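What the coordinates show
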Amino acid sequence: MNPIERGTKLGRDLFEINTDSLRKIAELSAENFKRYMELNQDYLQKLPEVREFSAFVELQREYGQTLWEGVQDDMKARGEIVREAVEHSGSALRGVFSSDDAEEAVEAAA
C-alpha cells in the first residue's frame with residue numbers, strides 16, 4: 001500500500017472512530033437527560049407530601065445522592081467511550097506506521 005492510500009485509509013478510519021464516538025456520546029446524553037427529567041418529576045411529585053423539615057431534608061438528600069450517582073455514572077461512561085476511541089485511534093495509527101513499513105522505507109532509501 002503506498003503512502004497516499006495509507007493516509008487516506010487512516011483518515012477514513014479516524015473519521016469512523018470519531019463518528020462512532022460522537023454517536024455514542026449523543027445517545028448517552030439523550031438517555032441521561034431522560035433520566036434527569038424522570039428524577040426531577042419524581043422529586044416534584046414527592047415534594048407536596050412533605051410536612052416536616054426533617055422529611056424535606058431527607059428528600060433533598062435522596063435527590064442529591066441520586067443526582068450525584070447519575071453524574072458519576074455519566075462521567076464513567078463518557079470516559080469509557082473516550083478510552084475506546086483512543087485505543088482504536090492508536091491501533092489505526094500503529095497500522096499505518098508498522099515496523100514493516102519502516103523497514104521498507106529504510107530499504108528503499110538504501
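Everything discussed here concerns the structure shown above.
Computed from a prediction, not measured in an experiment: that's the story for all the values here. (Residues numbered from 1 in each chain as written. Predicted model: local features only at pLDDT ≥ 70, side-chain atom pairs only at ≥ 80, totals over all residues. Heavy atoms only, no water.)

**Points about the overall build of the protein**
Assigned secondary structure in the protein consists of 3 helices and 0 strands. When the helices and strands of the protein are listed from N to C terminus, the series reads α-α-α. Each of the 110 residues in the protein was classed as buried or not, and the buried ones make up 17%. In the protein, once contacts between residues fewer than 6 apart in sequence are set aside, the share between residues at least 24 apart is 68%. (Helix = DSSP H or I, 4+ residues; strand = E, 2+ residues; numbered from the N terminus. Buried < 20%, exposed > 50% of the residue type's maximum accessible area, 1.4 Å probe, protein only. Contact = heavy atoms within 4.5 Å.)

**Re the packing of aromatic side chains**
Counted by the stated rule, this structure contains 1 aromatic pair. With a centroid separation of 4.7 Å and 40° between ring planes, the pair formed by Y43 and Y63 is classed as tilted. Taken together, the positions of Y43 in helix 1 (residues 3–46) and Y63 in helix 2 (residues 53–96) put the pair 20 residues apart, joining distant regions of the chain. (Phe/Tyr/Trp six-rings, centres within 6.5 Å; stacked < 30°, edge-to-face > 60°.)

**A short note on the environment of F97**
Locating F97 in the fold gives a position in the loop between helix 2 and helix 3 (99–109). A relative accessible area of 63% means that F97 is categorised as exposed. As a C-alpha pair, F97 and R6 span 91 residues in sequence and 9.1 Å in three-dimensional space.

**Thoughts on helix 1**
With 44 residues, helix 1 extends 64 Å between its outermost C-alpha atoms, agreeing within 8% with the 64 Å of an ideal straight helix rising 1.5 Å per residue. Among the residues of helix 1, R6, L10, I17, S21, L28, N32, L39, N40 and Y43 are the ones counted as buried. Between a side-chain oxygen at the N-terminus of helix 1 and the backbone nitrogen of I4 the separation is 3.0 Å; the capping residue is N2. (Expected span 1.5 Å × (residues − 1). Polar contact = N/O pair within 3.5 Å; in protein donor to acceptor, adjacent residues only side chain to side chain.)

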